[in-house]
Amino acid sequence: MAQVMLDNGLVETLCNVISAVNKVYKNYDFDVEEEQQLLLGDIEHFLACIVVRSCSLGGLQSFQHLDDLVTMLGILEDKEKEIHGMTSEAVRNIRKIRMHVLKEAIDHIHAIYKVDGESNVLPRGYHSYSVRKFYEFKQRCNFWQNPSTTEPKLKPMVSTYPMVDRSYSVDGRFTAYVGEDVDDDVESGTPHKILQRQLSMSESRRYSTLLDSRKVHKLQKERQGVSDNEAPQRFQKLIYLAVNMILFLDPVVQRRTEVDHHVDSFSDFCSDASYLDEERSFIEYLYDLLVDCLSTIQERTRVRNRKHWHSLLWSSRDVLRVQLGRLMVHMLSPGQDIAMRCYALNLAQGPKAQNILKTTLQSNLQHDVKVVVYLHDLMTNHSQELNESQAEDTKVFRVLLEKCGFIPEPLKSQQLRSSLAEDMRVFESEREKNRMMWRKQRETYERRQLHKLDGLAKEISHCAMEVTQKVVMDQNMQRKKLLEEVRHGMAENMDLRRRWHNIIQQLTHERAVWYDPEYFPTSWQLDPTEGPARVRRRLQRCHLGLNMKYLMPEKLTEYQESCKEPLSYLFEDCTEHADSAVLISRTQTNEAIKNTAKCSNVTPSSETPGELLIGSNNVYFVGDDGVLDSNSTWEKQSEGEVMSLSWSYEEIREIHRRWYQLRDDGLEIFLTNGKTFLLAFENQKERDYVYRQLLSMDLPNHVELGNIGANIGAITQAWRSGQMTNFEYLTQLNKIAGRTFNDLMQYPVFPFILADYTSEELNLEYPKSYRNLLKPIAVQYKDMESVYIDRYRWLKEEFDKPEIVHGVELMPPTEPHHYGSHYSNSGTVLQYVVRLPPFTKMFLQYQDQHFDLPDRTFHSVGTAWRLSSRESTSDVKELIPEFFFLPEFLTNGERYNFGRKQSGEPVDHVILPPWAKQDARLFILIHRQALESDYVSQHLHGWVDLVFGFKQKGKAAVEAINVFHPATYFGLDVSSIEDPVKRRAMETMIKTYGQTPRQLFTNPHPQRSFSDSAMYPEVTGMYSPGIFSHIATKDANKSQQTKIERPIQQVKGLKWGNYVGSPTTPEPKVCWRETYSTVVAKLVALPTGSLCGLAANVCLFVMYAKEKGVSSINTTDIEWSAILSWGHPDGVMRLKQKRNTEPINFIHTNTSDQISCCNGLSDCRQFFAGTVSGVVIVYNTKFNSARLSNIEVVGNRVRLYGHNGAITCMSVCTPYSILASGSQDGTCIIWDLNRLCYIRTLSGHSGPVMATAISDTMGDIATTSRPETGGSDLYLWTINGNLVSKLHCDSVIHSLTFSHAPEGTSINVIAAGLHTGIVRLWSSWDLKPVREIYADEFNQPVVSLVFSHDCNFLYAANSEGTVVVWNKSEQGKQKIPAFIPFLK
């Protein structure tokens, strides 16, 4: 076991313990110092055991442990020197241990080989270290308590210590013999009493005990392991190590002369004196031993028992002589004190002194010279310091040298002193050289010793690693089990919370059973969901959360100060948001996260830092801060919540790289449900990596736009050829250029179109009604050009000046520009939409919680035009897209108190031009028509050149007076600005001045191809993203144009459009007729151009192929289709994919609540079933080719509560993600398909709602009810529930549909199928009658009605099973779309 311990670092461990003990703080606390010394003494004994064992066992490896121990102590001493200093107590302690270890080893060999059988080897006065230190401690305590006592003598007090004979056995255990001649003095005490005192001093102290004595005859057994050849070598090695330590180690105590009585403190003096005594004792011990050994060699061996010792010394005689000479020279050297130098002279007093001296000095030719020189130095230079005895010893030694022949003839006094000094300098130099060589050799061996255990350490480390891994694996398994339990619990909790949220959401609105008007939100804010062409028409409920001081007095009576959601107290102790619940529930499925990236989610109101998680099935964003998701219908319930968003890869439609704050590090994601997310990453590299990784995932609905240049070219060509409206084209340019609704600094920009905001009548055919689109908004008038040209010239002159003028360093001037502000920035956008939440809060935050001055508030469209075009040189703003589709931002629906202007006029609704009749909806419709006018179409390319094209920057921009502040252009590197003040100033400019869009064209933009025949293009449907166009004949258009009444009397030049039934087209003609045995209850128009006829209780499922970008705008492919039937006696809804196959059971329904009608989204994402109980059931579905039915229901079904009667009809609008359900209770409810929640109720019907229709272009809703008086009432509502108009029809209306020609180029109509078989058309603007369409022998109720996808055909089906098709031209000139009946 001892060998194993030594081989595995026992010595190194003990050295580490010594180092740790030396770190104990020493503050002259006797208890601490005593404990420290006693512990070091025990370690010293332990090391002595190792030494004895090494000397007792044979073999090279055994003795190597002693060499390693001495080396490690040397390394430790060097380390303590660096840490504590040369004269520190730590270094002294280690030096003492080194001396003790060597002395124990020498004594052990001496004891083994010098046995005479008459007396013990070692004197019984060899004292235990622990006992000795205890008495030293007691003696010091007595001195400090009685200062009058004599100074304590710190030399070993043999007479007062119990005599302990300590030796060591072969296995390393040492024993002790307590002598019998011990003083009975109480201070000294018996060994038993001493031991009791030692153990009673402190329970935490550990002393070496007094061990039993051993028999001397065991010594002979101990040497059996060491061969006769090994013993001399070991003895010589020990002598050599001891002498080298004395000669070459640095002194740890500055030796004081006997006349030097100045000491810093008594404790320091005691410590130094104690160490000097121990060091001198060791030197004297070694010197006497060497002299005794050489004296023994001179004797003749007569005693048989001494032959072993004599043989050992005889074998070592040469080494002993050399080492004695080296030690003698060292002791006589001037560096030693007088007592030490004189002690070396004692050799002359012993027997055989002459022979010993002669052989010793002859062993090395320089020893005799050095001894002679040092002796002369002692006798000449220090004669006054010698006492009589020492002087006598000097003379005797000199005589002995003369006898040996080493003293030359006496030199003269002066010559002697000169010679001595020179010789001593030489000897000292030689000594230092030898010392350096010894240290170099020692360092080499120390390095080898330090790395001796590297292999073992590596093996131990490997084993420890294996053990650690096993433990970690076991811990991980337990932790995994625990986490699984925790996750399972969290998932259940989150699922429960989500279910409660859904229940509360469905049952607390104004039509539900838990409705509470105190908490239900009554205000409306803009819904960020985007519709066709990125328009955002929808509003959603909200709490204003504003102070009442911002509201008008009439609003205060109905204002809700509480912003809490209904039943919010149920979630007061929850720390997770509803969106967080979705995140947690999804991640509990152990979805693999493939990548994470730091980014920020940018919304118009905030920038939320967080982390993007890219999973195997979904993408997650987890915010760092407690911020409400602006796209969420629920506000946060507690302060500990964080924003969390998630969407599946199936929802991703487009991914675009974006700029953010003029840095190319943004990413915008468009979803199929109309939501968008703008993410800003830390750098472009991180953004590009995430972009590539997202594109590498399976994105079934992703539209691949390909190369931007080719994409722009295709879009431009579609616009030039009339396949795309001006609004759609500008929307696409904004989108490609990086303009986004998520960043107010990069909000989409649209041009001012009109210049006439004062006339009672607007003429859209008169060029002067429009602004000059070839020039920037600020220079619409010629006299304004010089103002901006002079400003640019002055700034250029300042910029060209040197930065240092007359030795004064100036601020670097700004690059020249025409305009200090921008045509679009956050301030401009917020000025326009300040009346519409949530922008009101953003504006207040922007204006330090105040509305702007009433005169500066956006209060009039005409005033905004005048300021931008002429009256203000700092206001050069253009318009925002909302001017062409959102009337709500022009009205003060929330009744904000903006104050009164200086004229006393209050600021309320935006003042509109006279020709708009202060009707916001009418203004938007007329303004949209103005954007699509012939004049704008011919000149729009000039504005595109200014904003997106070659006049955006460079020389062309200067010539066009179109240069803005340099902080608005991409490419400005803020990080390169060293001055922090300038850098912050530039960052503020970037965040407030505005940002110029990405330049899309470097050459002049082509003008739109235009002809009279293209004034009224025939369109296939709304842009998605392209539009088909078929041009009507020129003559036909002109013949009809002169006979048509204006849609709005005060506006000239409005276009009805080119669809079947339009007043500008010929009278519709019947082009196809067919009668079926089964009634065609529903007609469905497909994007492919075909139409389907469905029987009662049948719904069509169609899955369209993935869009391929702009290159595929003229093609639409069907990937999968099926029909779903219901109304079976068993309550099962069955799915049929092929005509000749049996239907498949798809959904099991409740037979007690029959289904009255069904509908679904065109992409098969959702399916809706209306019941006779008034509940709308929503099934989330997903196309899955692996299933037999190719479609599956995902998740739980959702029930929408709000009706009190049976559901009679349902209409779905995919572009705006809404569902309108009519009921026998006389209400029509609008539902949000993204969140599956209630939006609002269209009430006031005169009877049950029998038919509904939703416009795919504007989102307007048409409903019809049957009053008790007969006939039908027709209602027209906006998408936000405002009643536009209503009328009474004398005939019952059985079916409704909207035409869907592009807005701006057309005024769509509402077509109603009457009980008489007539199809009547009304204007979708105001329900003015347009025309009636009828057919011969078609006089039964029209139960279904639909326009073809291109609006060139109108299909109608009556109650007798007859289907009639009208077109706008004579039969045979256009191909009739295929009609596919599903009637069996």
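These numbers were taken from a predicted model, which means no experiment stands behind them.

## Brief notes about the overall build of the chain
Right, on to step 1. Secondary structure assignment for the chain yields 32 helices and 45 strands.
Right, on to step 2. By the burial criterion, 55% of the 1384 residues in the chain qualify as buried.
Right, on to step 3. When contacts within the chain are restricted to residue pairs at least 6 apart in sequence, long-range pairs at least 24 apart make up 65% of them.
Right, on to step 4. In the structure as shown, the chain presents an accessible area of about 62,300 Å², 51% of it carried by carbon and sulfur atoms.

## A short note on the nonpolar core
Right, on to step 1. Phe883, Phe948 and Trp1366 are the most contacted members of the largest nonpolar core, which has 135 residues in total.
Right, on to step 2. Broken down by element, this core gets its largest block of residues, eight residues, from helix α28 (residues 920–931).
Right, on to step 3. Membership of the second largest hydrophobic core comes to 93 residues, among which are Leu102, Leu241, Leu312 and Leu357.

## Here's the deal with helix α21 (residues 684–695)
Right, on to step 1. Under the 1.5 Å per step criterion, the end-to-end length of α21 is 16 Å for 12 residues, consistent within 8% with the ideal 16 Å.
Right, on to step 2. Three or more residues of α21 are buried, namely Arg687, Asp688, Val690, Tyr691, Gln693 and Leu694.
Right, on to step 3. If you check the start of α21, you find a side-chain oxygen 3.2 Å away from the backbone N of Lys685, and it comes from Asn683.

## A short note on the sheet that holds strand β35 (residues 1261–1265)
Right, on to step 1. Strand order in the open sheet made by the four strands is β34-β35-β36-β37, with antiparallel pairing throughout. Across the chains shown, the open sheet's two edge strands, defined by having one partner strand only, are β34 (1249–1254) and β37 (1283–1289). Direction aside, neighbouring strands of the sheet carry axes that sit 15 degrees apart on average.
Right, on to step 2. As defined by bridge partners, β34 adjoins β35 across five bridges and the pair is classed as antiparallel. Bridged to Thr1252 within β35 is Thr1263.

## Regarding the side chain of Thr828
Right, on to step 1. In this structure, Thr828 sits in helix α25 (residues 826–832).
Right, on to step 2. Other than its neighbours up to four places away in sequence, Thr828 contacts Tyr823, Lys877 and Glu878.

## Some thoughts on the environment of Phe851
Right, on to step 1. Secondary-structure assignment places Phe851 in the loop between α26 (839–846) and α27 (861–871).
Right, on to step 2. The exposure class of Phe851 is buried, given its relative accessible area of 16%.
Right, on to step 3. In this structure the C-alpha to C-alpha distance between Phe851 and Tyr550, which are 301 residues apart in sequence, comes to 8.2 Å.
Right, on to step 4. Apart from residues lying up to four places away in sequence, Phe851 is in contact with Tyr550, Val834, Thr840, Phe843, Leu844, Tyr896, Asn897 and Phe898.

## Considerations on the pairing of strand β9 (residues 652–660)
Right, on to step 1. Counted residue by residue, β9 has seven buried out of nine residues, so it is predominantly covered.
Right, on to step 2. In the sheet, β9 pairs with strand β10 (residues 663–671) via seven bridges, with the strands oriented antiparallel. The residue bridging Arg657 from the neighbouring strand is Leu667, located in β10.
Right, on to step 3. The turn linking β9 back onto β10 is made up of two residues, and Gln661 within it adopts a positive phi angle of 55 degrees.

## Considerations on the packing of helix α12 (residues 317–332) against helix α14 (residues 353–362)
Right, on to step 1. Interaxial distance between α12 and α14 falls to 8 Å at its minimum, and their mutual angle equals 90 degrees. Taken together, the axes of α12 and α14 lie roughly perpendicular to each other. Where α12 abuts α14, its residues Arg321, Leu324, Gly325 and Met328 lie against Ile356, Leu357, Thr359, Thr360 and Leu361.
Right, on to step 2. In terms of residue class, the contact of α12 with α14 is made up of five nonpolar, three polar and one charged.

## Brief notes about the environment of Cys1099
Right, on to step 1. Along the chain, Cys1099 turns up in strand β21 (residues 1098–1104).
Right, on to step 2. Using a relative accessible area of 4% as the deciding quantity, one classes Cys1099 as buried.
Right, on to step 3. For the pair Cys1099 and Cys1158, spaced 59 residues apart in the sequence, the C-alpha separation amounts to 6.5 Å.
Right, on to step 4. Among all residues touching Cys1099, those that are not within four sequence positions of it are Leu1094, Ala1122, Ile1123, Leu1124, Trp1126, Cys1158, Asn1159, Gly1160 and Phe1167.

## Structural notes on the packing of aromatic side chains
Right, on to step 1. Scanning all chains against the criterion turns up 37 aromatic pairs.
Right, on to step 2. Relative to Phe427, the ring of Tyr374 lies with its centre 5.9 Å away and its plane at 85 degrees, an arrangement referred to as edge-to-face. Note that Tyr374 is positioned in helix α15 (residues 365–381) and Phe427 in helix α17 (residues 413–450), a separation of 53 residues in sequence.
Right, on to step 3. Tyr374 gets classed as buried once you look at its relative accessible area, which sits at 6%.
Right, on to step 4. Pairwise contacts between aromatic rings join Tyr550, Phe851, Tyr896 and Phe898 into one cluster.
Right, on to step 5. The residue whose ring lies beneath Arg835 is Phe898, and the NZ or CZ to ring-centre distance is 5.1 Å.
Right, on to step 6. Just above the ring of Phe727 sits the side chain of Arg928; from NZ or CZ to the centre is 4.0 Å.

## Considerations on α26
Right, on to step 1. Taken together, the buried positions of α26 are occupied by Phe839, Thr840, Met842, Phe843 and Leu844.
Right, on to step 2. Residues of α26 that are buried make contact with β3 (523–526) and α25.
Right, on to step 3. Note on α26: the residue one or two positions beyond its end, Asp848, has a positive phi of about 60 degrees.

## Quick look at the sheet that holds strand β45 (residues 1379–1382)
Working definition: the strands of a sheet are paired by backbone hydrogen bonds and lie parallel or antiparallel to each other.
Right, on to step 1. The sheet built from three strands is open, its strands ordered β19-β20-β45 with mixed pairing. Edge positions in the open sheet fall to β19 (1082–1085) and β45, since each of these has one partner strand only. Pairwise comparison of adjacent strand axes, ignoring direction, gives a mean angle of 20 degrees for this sheet.
Right, on to step 2. Of the strand pairs in this sheet, strand β20 (residues 1091–1094) and β45 are connected by four bridges, and their pairing is parallel.

## Quick notes on the confidence of the model for the chain
Right, on to step 1. Of all residues in the chain, 80% attain a pLDDT of 70 or more, and the chain-wide mean is 80.
Right, on to step 2. Within the chain, β35 carries the highest mean pLDDT (97), whereas strand β16 (residues 1029–1030) carries the lowest (29).
Right, on to step 3. Counting interchain partners and residues more than four positions distant, the pLDDT-below-50 stretch residues 149–223 has 166 contacts.

## Quick look at a nonpolar patch on the surface
Right, on to step 1. Nonpolar side chains collect at one region of the surface, where Leu496, Trp500, Ile503, Val513, Trp514, Tyr569 and Leu570 lie side by side and expose about 710 Å² of accessible area between them.
Right, on to step 2. Tracing the sequence through the fold places Trp514 in the loop between α18 (454–507) and β3.

## Topic: the pattern of salt bridges
Right, on to step 1. Under the definition given, this model contains 48 salt bridges.
Right, on to step 2. Measuring nitrogen to oxygen at the nearest pair gives 3.0 Å for the salt bridge that ties Asp1232 to Arg538. Taken together, the residues Asp1232 in strand β32 (residues 1228–1232) and Arg538 in the loop between β3 and β4 (539–542) connect sequence positions 694 residues apart. When sorted by exposure, Asp1232 lands in the same class as Arg538, which is buried.

## Notes on unusual backbone geometry
Right, on to step 1. Cis peptide bonds are those with omega within 30 degrees of zero, and the linkage from Pro837 to Pro838 qualifies with 5 degrees.
Right, on to step 2. Structurally, Pro838 is set in the loop between α25 and α26.
Right, on to step 3. In this structure, Arg534 takes a positive phi of about 70 degrees despite not being glycine.
Right, on to step 4. With respect to the secondary-structure elements, Arg534 resides in the loop between β3 and β4.
Right, on to step 5. Its identity as a non-glycine residue notwithstanding, Arg895 has a phi of 55 degrees, on the positive side.
Right, on to step 6. Position of Arg895 among the secondary structure elements: in the loop between α27 and α28.

## Focus: the packing of α14 against helix α16 (residues 388–404)
Right, on to step 1. Between α14 and α16, the least distance of the axes is 10 Å, while the angle of their chain directions is 65 degrees. Regarding the angle of α14 to α16, the classification is roughly perpendicular. Considering how the two elements wind past one another, α14 and α16 form a crossing that is right-handed. Taken together, the residues of α16 that come into contact with α14 (itself represented by Ala353, Gln354, Leu357, Lys358 and Leu361) are Phe397, Leu400, Leu401, Lys403 and Cys404.
Right, on to step 2. Tallied by class, residues from the contact of α14 with α16 come to seven nonpolar, one polar and two charged.

About the criteria used
Residues numbered from 1 in each chain as written. Predicted model: local features only at pLDDT ≥ 70, side-chain atom pairs only at ≥ 80, totals over all residues. Heavy atoms only, no water. Helix = DSSP H or I, 4+ residues; strand = E, 2+ residues; numbered from the N terminus. Buried < 20%, exposed > 50% of the residue type's maximum accessible area, 1.4 Å probe, protein only. Contact = heavy atoms within 4.5 Å. Areas by Shrake-Rupley, 256 points an atom, 1.4 Å probe, with all protein chains shown as cover. Core = buried A, V, L, I, M, F, W, Y, C linked by side-chain atoms within 4.5 Å. Expected span 1.5 Å × (residues − 1). Polar contact = N/O pair within 3.5 Å; in protein donor to acceptor, adjacent residues only side chain to side chain. Pairing = 2+ DSSP bridges. Axes fitted to C-alpha atoms, helices over the stretch in contact; angles between N-to-C directions. Parallel < 35°, antiparallel > 145°, perpendicular 65-115°, else oblique. Nonpolar A, V, L, I, M, F, W, Y, C, P; charged D, E, K, R; others polar. Phe/Tyr/Trp six-rings, centres within 6.5 Å; stacked < 30°, edge-to-face > 60°. Lys NZ or Arg CZ within 6 Å of the ring centre and 35° of its normal. pLDDT = per-residue confidence, 0-100. Patch = residues over 30% accessible without salt bridge, like charges linked within 9 Å, V, L, I, M, F, W, Y side chains within 5 Å. Salt bridge = Lys/Arg side-chain N within 4 Å of Asp/Glu carboxyl O. Left-handed = near helix turned anticlockwise from the far one by under 90°.

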